[in-house]
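Notes for the structure review
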Amino acid sequence: MKLHLFASTALAVAMLAAGAAQAGSNNAAYIDQVGVGNTALIDQANGSDNQAGRSDDPIRQEGDGNEIDISQTGDNNRAGNGANHGIDQVANNNRLLIEQITDGNQVRNVRQDAGVNTRPLANNIIVRQGLGNGGQGGNRVTTLLQENDTESGARNLIRVHQRGIGGVGGDNLTRRVRQVGSVHNVFIRQFGTDNTVYNTRQRNGDASAADFLQIGSGNAIGSTLQRGDGQSLTITQTGDDNRVGADGVDQVSQSGAGNVASVSQTGDRNRVDTLTQDNTGFAGGNTAALVITGDDNGANGLTPGSFAAGTGAIANGVVQTGEANDVMMTIDGGDGNEFGFTQIGLRNLANNILITGDGNELGVYQAGEDNDFALSTIAGDFNDVGLLQDGRNNFATLNVFGGNNNGIDVDQDGNGNRITVNQTADNNTAIASFEGNRNGRVAGGPNVFTAGGDAAGLGLTQGEINQDSTGAASGNLVDYQVTGDHNLFAFTQIGGGNSVSGTVTSDMNEAAVLQQGDNNVASFSQGGGVMNNLAISQ
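Residues numbered from 1 in each chain as written. Predicted model: local features only at pLDDT ≥ 70, side-chain atom pairs only at ≥ 80, totals over all residues. Heavy atoms only, no water.

Re the overall build of the chain
For the record, the criterion: Every helix listed is a DSSP run of H or I at least four residues long, and every strand listed is a run of E at least two residues long, numbered separately from the N terminus. We call a residue buried when its accessible area falls under 20% of the maximum for its residue type, exposed when it is over 50%, and partly exposed in between, using a 1.4 Å probe and counting protein chains only. Every residue pair with non-hydrogen atoms within 4.5 Å of one another is taken to be in contact. Computed by Shrake-Rupley with a 1.4 Å probe, the accessible areas treat only the displayed protein chains as cover when residues are assessed.
Helix and strand counts for the chain stand at two helices and 44 strands. Across the 538 residues in the chain, those meeting the buried criterion constitute 55%. A fraction of 56% describes how many contacts in the chain between residues 6 or more apart in sequence connect residues 24 or more apart. Put simply, the chain shows about 19,200 Å² of open surface, and 49% of that area lies on carbon and sulfur atoms.

Next up, the structure:
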């Protein structure tokens, strides 16, 4: 049965509501309305393989304040079943609701075009699939498109809700979501296993938000791109083997200034496949925050060569390009985590990073000036950090508390860089390499050590590295390499089996080494320069 309805004004509402109910299978309904304030209801109940709209006979409303409600009960139904636009709403403040109750249903192609709009609320698309008690999933949303051509923002909204029975079924897919213009919102909720949000775009405007929630296992957030300023991205995944940035597709990316991305994963073997933020040429920094709870997160990145793989960083983490960007991460209660953070530009910050668990790796690469890395705590066993800062006036603070066999490798290339490393536990290793001048100093501070010479009587502090392995079967190691002038560093080791080895090339460098406890060894070389100053106390 085919039902064709044509109406030009809101006077046709009663006819449409009464005539659009169809029972059984293989029904088809197509509607064309032109005018303001029209309403259309299509109810295809208790049947399968029904259609609402297609390319040659679309469902179309043209005018402001129109509404379409589509309800399909049964399997393998189609809404907007066309290669182009199966459902079209043109103008402002229109609303589309599609409910498909059971399995294997599809919403194919939907378009809402707001044109020029300055109103506080514009077009809405709401899709609900798999809501019935027998639902196992397998529903599809192919394309949802909303457009407006005003900088003030159309404030369009897309909501997609896909569910399997009791959250057990799944294999639902939202393939393509597009919002063009400013101040848009998209919310996608998927429940069950093996669900995917494949490709989402918000562009040509500012202050839009995307919010994805997946509850279940084996779910994936694929290519997600936001272009503009003040955009917000929130991804929450609960369950095992979930992924952000699936294989074979582009990764999650924000371009512009003042954008915020938040990723939360709870469960085992979850993976973030690189989150990219770029504010090059824009004023205002971006922020990325990751919260991960569970075991074996990170999908076994980094490792080869270690000290968080050297550190080329990237791996499965965050890449930020531009100025004044900020990244934060918490890994709580999980073992075997790996990550990578890459920041390229000026005044970038990696801070509030908390890792608790065994076998963790980090890996941070910062290139540019005035960057800051503050690792709050790594508490656990077998941690491997790794920090490379390339540029000048960079600062790093690293702390490792409560774990065995931790390793820190820090490489700072440039002038005026500063570092503080604290390790408290057993068998720690710190390797610090510096190339440049005036490193290891307090920002804006004087040449503290010089005063009375011999590294200022071992008062220590400047460019300080502390290690304590008291009671350990074996001890800490510092390997210190410096090329450049006027560098200041201090090393304190208290505990058994510690060793310091240093090589300094160039002029007027100072180092102070204090060792207390058992089996400490200090070996130092200052060559190729003049007026170097060294003090060792054992």
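Structure's up, so let's keep going.
Brief notes about the nonpolar core
Selection rule: Grouping buried Ala, Val, Leu, Ile, Met, Phe, Trp, Tyr and Cys residues that are joined through side-chain atoms within 4.5 Å yields what is termed a nonpolar core.
With 74 residues, the main nonpolar core has L362, F373, L398 and Y480 as its most contacted residues. When near neighbours in sequence (up to four residues on either side) are disregarded, Y480 contacts A432, F434, F489, F491, S501, G502, T503, V504, A511 and F524.

As for the packing of aromatic side chains
Under the convention used in this document: Each Phe, Tyr or Trp ring (for Trp, its six-membered ring) is paired with any other whose centre lies within 6.5 Å, and the angle between the two planes then decides the class: stacked below 30 degrees, edge-to-face above 60, tilted in between. In this analysis the charged atom, NZ for Lys or CZ for Arg, is taken to sit over a ring once it is within 6 Å of the ring centre and within 35 degrees of the ring normal.
If you walk through the whole model with that rule in mind, you get zero aromatic pairs. Its end group placed over the ring of F191, R163 keeps NZ or CZ at 4.1 Å from the ring centre. Over the face of the ring belonging to Y198 we find R175, whose NZ or CZ atom lies 5.2 Å from the ring centre.

Here's the deal with the pairing of strand β37 (residues 429-435)
Each regular strand displays side chains that alternate between the two surfaces of the sheet. What counts is decided by this rule: When DSSP finds at least two bridges between two strands, those strands are taken to pair.
With seven bridges connecting them, strand β35 (residues 407-413) and β37 associate as parallel partners. Paired with D413 across the two strands is E435, which belongs to β37. Relative to strand β39 (residues 477-483), β37 runs parallel, the two sharing seven bridges. Bridge pairing in β39 links A432 to Y480.

Focus on the environment of V291
With respect to the helices, strands and loops of the structure, V291 is situated in strand β26 (residues 287-293). Among the residues examined, V291 registers a relative accessible area of 38% and is labelled partly exposed. For the pair V291 and M328, spaced 37 residues apart in sequence, the C-alpha separation works out to 8.5 Å. If we ignore the near neighbours within four places in the chain, the residues touching V291 are V263, S264, Q265 and T330.

Here we look at the environment of G65
Tracing the backbone through its elements, the reader meets G65 in the loop between β6 (59-62) and β7 (67-72). Put simply, G65 and T39 are 26 residues apart on the chain and 8.9 Å apart in space, counted from C-alpha to C-alpha.

Re the pairing of strand β13 (residues 140-147)
With six of its eight residues buried, β13 lies for the most part within the structure. By the bridge criterion, seven bridges tie strand β11 (residues 106-113) to β13 in an arrangement that is parallel. Bridge pairing in β13 links Q106 to R140. In this structure, β13 lies alongside strand β15 (residues 173-180), joined through seven bridges in parallel fashion. Considered in β15, the bridge of V141 is made with T174.

Points about unusual backbone geometry
Its identity as a non-glycine residue notwithstanding, N93 has a phi of 55°, on the positive side. Here D241, not a glycine, exhibits a phi torsion of approximately 60°, which is positive. Within the secondary structure, D241 sits in the loop between β20 (232-238) and β21 (243-244). Taking the relative accessible area as the measure of exposure, D241 reaches 37% and is therefore partly exposed.

Things to note about the pattern of salt bridges
The criterion, for reference: Salt bridges are counted wherever a side-chain nitrogen of Lys or Arg sits within 4 Å of a carboxyl oxygen of Asp or Glu.
Throughout the structure, instances matching the rule amount to 10 salt bridges. Put simply, D211 and R189 hold a salt bridge, and the shortest N to O gap is 3.2 Å. Highlighted residues: D211 in strand β18 (residues 209-215) and R189 in strand β16 (residues 185-191), separated in sequence by 22 residues. One connected set of salt bridges, linked through shared partners, spans R60, E62, D88, R111 and D113.

Observations regarding the side chain of D326
Here D326 shows up in strand β28 (residues 326-332). Apart from residues lying up to four places away in sequence, D326 is in contact with N286, T287, A288, Q320, Q343, L349 and N351.

Notes on the confidence of the model for the chain
Short version of the rule: The quantity called pLDDT is the predictor's confidence in a given residue, expressed from 0 to 100.
For the chain, mean pLDDT is 75; residues scoring 70 or higher make up 73% of the total. Overall, residues 1-21 carries pLDDT values under 50, and its contacts beyond four positions in sequence, including any with other chains, amount to 42 contacts.

Section: the environment of N415
Looking at the element boundaries, N415 is found in the loop between β35 and β36 (418-426). Remark: the alpha-carbon pair of N415 and D390, spanning 25 residues in sequence, is separated by 9.5 Å.

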